[in-house]
Each structure stands twice: as structure tokens, then as C-alpha cells.
Amino acid sequence: MTLRLAAHLAAPRVAAAPMPPFEGLDAAAVTRAAVAQGAESEAFAALVAAGQAAGESRPLDLIAIAAWRAGAITLRADALARLRERDSDDVAAALLGCAPHEVAEFVERQAADRWFMPGSDGKAGYVCSVGGFAGIGGAFRRPVEEGVALADDGAFAVREGPRWWRIDADVWCARLVPLDAAPREASGVVPLRADEPVASAMWADGVRVSLMVPPQTHLAWLYVERA
Amino acid sequence: MADRWHHLSASPTSPRATAPQQMTAEDLVSGGPRHDVGLDERLRQAYYWIVNTAVISPYYDIEFSVTPPLTFSLGDAGAELSLPDDASYSSNVLIPLLTFAVGGRCLLVGGPGRGKTTVAVLMGVMAGTDAADVRRSVQQGQPQLTVSDLVGIPLPKDLIGASRLTDIGIAWRDWLSLPVKIIDEYNRIPTKTQSALLTMVAEGYVESHDQMRRTAPDGGVESWYFTANDDAGGGTFPVIQALKDRLDVTVQAVGFNSRFFDELVARVEAGDRPEDNVPAELVFDADDRAAMRALVRGLPIEAPVRRRLEFFFSHFEFVQHGGKRFEYRTKDVVATSGVDVGSIVRANGGADLEADLGAQTLNGLSVRALQTLVLFSKAMAWFRGSGTVTAADVRAVLPFVLRGKLQPHLDHPRFAEGAEPELASDAASWLTSLWDESGRLFDALNLGRTDPVGDLLHEFSKGLDGLDGVEVMRRLTAIESQIRAVADAGKLYGRHFDDLTALKYLHQRYTAYLAWRERG
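Here's what I pulled together on the structure shown here.

Rules used throughout
Residues numbered from 1 in each chain as written. Chains lettered and ligands numbered in written order. Predicted model: local features only at pLDDT ≥ 70, side-chain atom pairs only at ≥ 80, totals over all residues. Heavy atoms only, no water. Phe/Tyr/Trp six-rings, centres within 6.5 Å; stacked < 30°, edge-to-face > 60°. Lys NZ or Arg CZ within 6 Å of the ring centre and 35° of its normal. Helix = DSSP H or I, 4+ residues; strand = E, 2+ residues; numbered from the N terminus. Expected span 1.5 Å × (residues − 1). Buried < 20%, exposed > 50% of the residue type's maximum accessible area, 1.4 Å probe, protein only. Contact = heavy atoms within 4.5 Å. Buried area = accessible area lost by both parts, 1.4 Å probe. Salt bridge = Lys/Arg side-chain N within 4 Å of Asp/Glu carboxyl O. Polar contact = N/O pair within 3.5 Å; in protein donor to acceptor, adjacent residues only side chain to side chain. Pairing = 2+ DSSP bridges. Patch = residues over 30% accessible without salt bridge, like charges linked within 9 Å, V, L, I, M, F, W, Y side chains within 5 Å. Areas by Shrake-Rupley, 256 points an atom, 1.4 Å probe, with all protein chains shown as cover.

1. Observations regarding the packing of aromatic side chains
For step 1, the next point in the chain: Counted according to the given criterion, the structure contains 25 aromatic pairs over all chains.
For step 2, the next point in the chain: An aromatic cluster is defined as three or more aromatic residues linked by ring pairs; in this entry it consists of B:Y47, B:Y48, B:F64, B:Y89 and B:F383.
For step 3, the next point in the chain: A:R69 extends its terminal NZ or CZ atom over the ring of A:W172, reaching a point 3.9 Å from the ring centre.
For step 4, the next point in the chain: We note B:R42 situated over the ring of B:F284; from NZ or CZ to the ring centre the distance is 4.5 Å.

See below:
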């Protein structure tokens, strides 16, 4: 099967659940705000429900972590800060999809390596795809022709036709926004072979992140290799 | 019942392509970090609120497109509908809003009931004035409007007791110090009262009985909105040229789109007015307005865009038969002599009238018009969230800045021989076409890459200190060589006029330097 739409490998596989109420908070408004930041609506609701079922008593922790886990990259720093301050790992484990004893390692390693998940050392593989053909709900009108790694951790810029886009991604999220102009790093070099990375970067020691453009799709893949 | 007035764009209206701004869970719960919303983003929110909620203006005539827009030919009169692929805007809202941002003067023209005054009143409310006070302060132009009606009256008791004019206290009208001033139907105001208005608009003060009052509000940023049902000389009184010239932009109000009739019915039923429902987030206090103007002014225009602008300006002042001396061959010399500029333009057999953009106008551009174009181009770029002014920003505001300032030569073949007769009544499209044509010529002449006159000016700008005689002679020869190149081409256009004048200036500066050096 060829993947045609943008997707994240680590996207939470959760059964749809209604958004549970928050005491003193407008749950619908919080969901709208999280979705505006890039969280997937159903995943956010299901994660919040899962966190509450696991006994979470701090709603702001739950909102931050669930929103990040559901795809809101702008909540990344807040979620990590909250995870660092927590005593109990049971709820965090339920939200992050790992074992309770792995939460501390996840939080520590994420500070330097935004692609880390417990068990990912020594492995290589696809993290996420972004873009996709505009005609079926994606963002790109043409296949990606050029890409460059930007200075910011987890950031690439890609060009499809005359348009440049910025990608910001991590283990859970990928945000795509149009750029007004070509980034300074743009070289105009188009890769000759489809199986070669369009761009690569090593923002963390031993972690190479590559931008691939598979043939016959309008997607750009992020691919991570670890030493 | 849902509050249909207070919906603002929740997501950034023009996402900046920088690293994602980090948020906290508290931000999500409280509706977002409002303090982090920049002034440009707030102005965009104001724009979208006005066009989508307040005045319902589905006319997207200021177009931006990354790729050539999809276009459809419609009807049998050359109509074309284009679908741009980047955010595009309604001029009748955006241009007044940019006027608000820069503290400028905007003329809204159009027939009655097209939302001209409503848009102006919204700007007043956005400046922090109560909606009722803004409505009350709208000055209604009418044939009996006196200077006293406009500015205030001398106190009667002082009139009796005063021995000098300075002893007379004036009861100034409150509207004079408001940050947004609205003059309705300004072409119905008598000429003498227009002159008082001109002092206010041009100088920022008003005078009565030897007393003076400054009209600028706290923070120093004031915007003016004038409305008229005609800007072609109609109205009860002709508008004095100096006042007309002070108006930075002119925008056409548009009619109501019948497909949005339901909203109109809802308003009638609710008895609502948009100006009574401006969201608090869209109010800009004096500090905001001062900061906004400073941010707009500080936006850079890079050299390639400046060069395109220079080239555009260069077309219009020159007219081949305008005078005998080279420097006097201008439309202004002709016009101030009382001679018909059109006939002088048509007398030019040395240049191709259809290729000469300058032949399409009866005048050149004033320095004030150029400054306004620069300022509004910056405002447009800033509004779009861009860090620098692009040629697209200039193109977008140019027809509104130059309308009424660059006069079309209606006997030119372009208007007169039926090729594009609509341009005679559609100034905005004509002015845009001038910019586009100038850009094509600029590219065809490869002026973006080679600019020998610019190089000579740049060389001169480094200063003359320590320059030896041989180098000066080399530069003088280079200047003469450039002049000869134009002379050899035979035909002379406006773009050459400015170049030749600049070359003569350089020649004179170097010659004077050489003479001074030889004397010393």
C-alpha cells in the first residue's frame, strides 16, 4: 500500500472517546484551542479520557501532555516541563504509550533528541510524512522538488512548485506552514535520485534526520537513523 | 444566542514561518497568549472581523498570488475573473485600515449606502472612541457649513469685553482632538471652510480669532476619513486642489452583494450596528497606534524594489516638446504656462506614443505622492507579515495612492481608440496596468542587472575626498559616454530624462571638484 496522506508513525492508536468534562473548564473550548495548535481532535479527547481514567488529578498537566501527544508541537516545551516535575509516572505512561519505568528516560532523552522513544536506540526508520496532494486533503499541489535542513532543531524547508514550506517536527508532531520566500539555506539543488535524501541534518549526536521524497507521491517523509 | 459579533480569527491570519511559538496549557485554557499577539496580527484580525462580520465585503480586488492565478474570460467585453492563490483583500476595507495604521488621510468615494461612513466610523471606534461619540463627531458636509460650525465659536462674553483678539476664548469643538476624524461629503463644503480644513489636515492645527489649537491626539497619530459621492469634480463645491492633494489614498466603496442578504435581514431584526459591537481586542490605544506607525515606517525597502519604483516614477514628468531647454521639457512647465499638456504630448513624433508610458498621463508625480506610495507600500507589507516590501506590495497599493494624482491623458490611443475604453472610467485598473507595463519594460531592458547610471551615482556617493585628477577625468568620460549612448539611440523617453539630469548633476559635481582641485 502506498501512503498518500500525511501521517505520523507514532500517532496514538486510540479508540474514539467523547471529550470528558473538566471541572471548572470549558472542555469544548480547550479542545478547539488544542486543535488550533495542531492536535488531532479525536486523539486529544481519547488521551484526555485515558488520562482521567488513569487517575490524573492535574488537568493542566493532562491538557499539555495530551495536546502534545496528539500533535500540537507548540505544547512540546510545556508538556516536557510538566513531565519533569511529576512524581507519579502511571498517568504519563498511559498518555505517552510507554511503560511507567520508561517515562523518566523518555523525558531526559527528549531534551536533546526530539525523536527519541524508549527502544529506538540503534534503529532506523520512518517517523512521519507531511504534505500530501492538495486534491485529497493534503497541502501540496506538486511533488516536493527541493528541501533543506534549517538551523532550528527539527526544522526543514521544502519547495513544491514555486512555494516554500517550513516543517517543524518531533516524535509526535509535524507542523507545516507556508514561507513567504525561499529560506537563506536554499541551494536550488534538486536530488537526481529518488532514493537519496533531499536534505539531512544531525541536530543531536548520533541521530541523523533525513527528508525523503518517495516517488509518485506528494509527501515528504522524515526518516531517522541512530548510531 | 450565539454572539455573532465577537468572533475573531483564532489562528494566525498570516502564519509567520519561524520556529513555532511555544504555548502552555494555561494558554489553551485561557484562549491563547493574547499579550503575544503582535500589532500586525491584531490589525489582520481587525480586517477579517470587518470584512466577515461588520460590513460584509466579499470583493477581493487586491490580489496576491504565488503562481499565476487561474483566470476565466467572461462575457463578450473582455471581462476576466481571476482566482489568486494567496491571501487577497477587499480594498474598501483594507485601504482605510492601512490609513488607520499609518495615521493617514483616506477618501472613500461611492454612491450613497455603500458603507463609506460605516467603515470610517469603525476606524474611530478602533481608536478607542465610544461608538456614539464617533457618530456624533462625524462632520456632515453641507453648503452652509461655516468655519465656526467646524471648529467652534468665540465665547460671546469675550467678544463683548475683549480689547484684543487674544483675549477671546474659543469654545473648540470636541471632535478636533479625536484620533480619527471623519468628514462626510466633503465636496459639499464651501470653499472657505475647505481652507480651514486644509490647515487642519496639512498642518495639524486650527485657528480662530488668533487662537490656535493643535488637532493631533495623544500619541500624535491621527487619521482622517473623507467621503464623497464623486471625486471627479462633482459635488456642490469643487474641492480645492491643495486639500485634494493632501489625501493619501482614494478608495471606491462597493455595493452590497445580494448573496449576503440573510445577514442584512438578521441585522434589521436585531437592530444591530457593527460599530456598537467592535471587540475590545480590536481597539488600539494611543501607544499601540504610535508603535504601529513606527513599525510600518521602519520596514525596509530593498534595493531591487527601490530600483523598480525609481524606474516607474521616471516615465511621467518628461514631455519632449515641453520646453526649449532640456531641463524644462516637463509637463509641469507646460501646465503652469496654461498650455494644453495633451496637445504637447501628442506633438511628440520622436517617440512611440503607445510604447511611451509617460504619454498616458497629463502630469508627473509629486514628491508627496511618492512619499505616500512608499509609506503605504510599507504598510501593506507589514500588514501581510512580511519583513520587507516587495514589488507585489507596491502594486497592491499603487492604484489607491495615485488615483486622482496621476491624471490620465484621455486622448491617448489607449483610451481614445477603443482598445481598452473601460480604463477611462476605471482609474485603479489603468494605474495597475501602468505599473505592470513599467515592470515588463524594466525586465526587457535588463535594468535589474545592469544599471550604469546607478553605478555612477553609487561611485559618487562614496565621496570626493582624496580623489585624484585622473580618476575624476575617468569618471567624467564615463558620464559623457552614458549621455552619448542615449543620444545615439535617437528616441527619448521619460526614463532617459531622469538619467540624463542625474548624469549632468554628476558631471557638474566632478567638474566643480576638478576646478577646485586645480585652483588649490
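Back to the text.
2. So, helix α2 (residues 41-53) of chain A
Residue and element names in this part refer to chain A.
For step 1, the next point in the chain: Between the first and last C-alpha of α2 there are 18 Å, a value that for 13 residues agrees with the 18 Å anticipated at 1.5 Å per step.
For step 2, the next point in the chain: Inspection of α2 places A43, F44, A45, A46, L47, V48 and G51 among the buried residues, and these make up the whole buried set.
For step 3, the next point in the chain: Contacts made by the buried residues of α2 are with α1 (27-36), α3 (59-69) and α5 (90-96).
For step 4, the next point in the chain: At the C-terminal side of α2, G55 shows a positive phi close to 95°.

3. Let's talk about unusual backbone geometry
Residues and elements named next belong to chain B.
For step 1, the next point in the chain: Phi at I56 takes a positive value of approximately 50°, unusual for a residue other than glycine.
For step 2, the next point in the chain: For I56, the position within the fold is in the loop between α2 (39-54) and β1 (70-74).
For step 3, the next point in the chain: Unlike most non-glycine residues, D210 shows phi in positive territory, near 65°.
For step 4, the next point in the chain: Take D210: it is sitting in the loop between β8 (205-208) and β9 (211-214).

4. Digging into the interface of chain A and chain B
For step 1, the next point in the chain: On the chain B side, the residues contacting the 27 residues of chain A number 19 residues.
For step 2, the next point in the chain: Carbon and sulfur atoms supply 65% of the area that chain A and chain B bury against each other, a total of about 1800 Å² over both sides.
For step 3, the next point in the chain: The interface formed by chain A and chain B contains 3 salt bridges.
For step 4, the next point in the chain: For the salt bridge of A:R82 with B:E26, the shortest nitrogen-to-oxygen distance reads 2.8 Å.
For step 5, the next point in the chain: One can count 7 residue pairs in polar contact (both at pLDDT 80 or more) joining chain A with chain B.
For step 6, the next point in the chain: Among the elements of the structure, α1, α3, α4 (76-84), β5 (163-169) and β6 (174-179) of chain A are those that each provide at least two residues to the side of chain A that touches chain B.

5. A few points about the pairing of strand β10 (residues 223-228) of chain B
Residue and element names in this part refer to chain B.
For step 1, the next point in the chain: Of all 6 residues in β10, 6 are buried; the element is thus mostly enclosed.
For step 2, the next point in the chain: Inspection of the sheet shows strand β3 (residues 105-109) paired to β10 by 5 bridges, in the parallel sense. In the strand pairing of β10, L107 is matched with F226.
For step 3, the next point in the chain: As defined by bridge partners, strand β7 (residues 180-184) adjoins β10 across 4 bridges and the pair is classed as parallel. Across the sheet, the residue bridging to I182 is Y225, located in β10.

6. Description of a nonpolar patch on the surface
Residues and elements named next belong to chain B.
For step 1, the next point in the chain: Together, L70, F72, L74, L81 and L83 give the surface a local cluster of nonpolar side chains, amounting to about 450 Å² of exposed area.
For step 2, the next point in the chain: Secondary-structure elements contributing two or more residues to the nonpolar patch are β1 and β2 (79-83).
For step 3, the next point in the chain: Within the secondary structure, F72 is located in strand β1.

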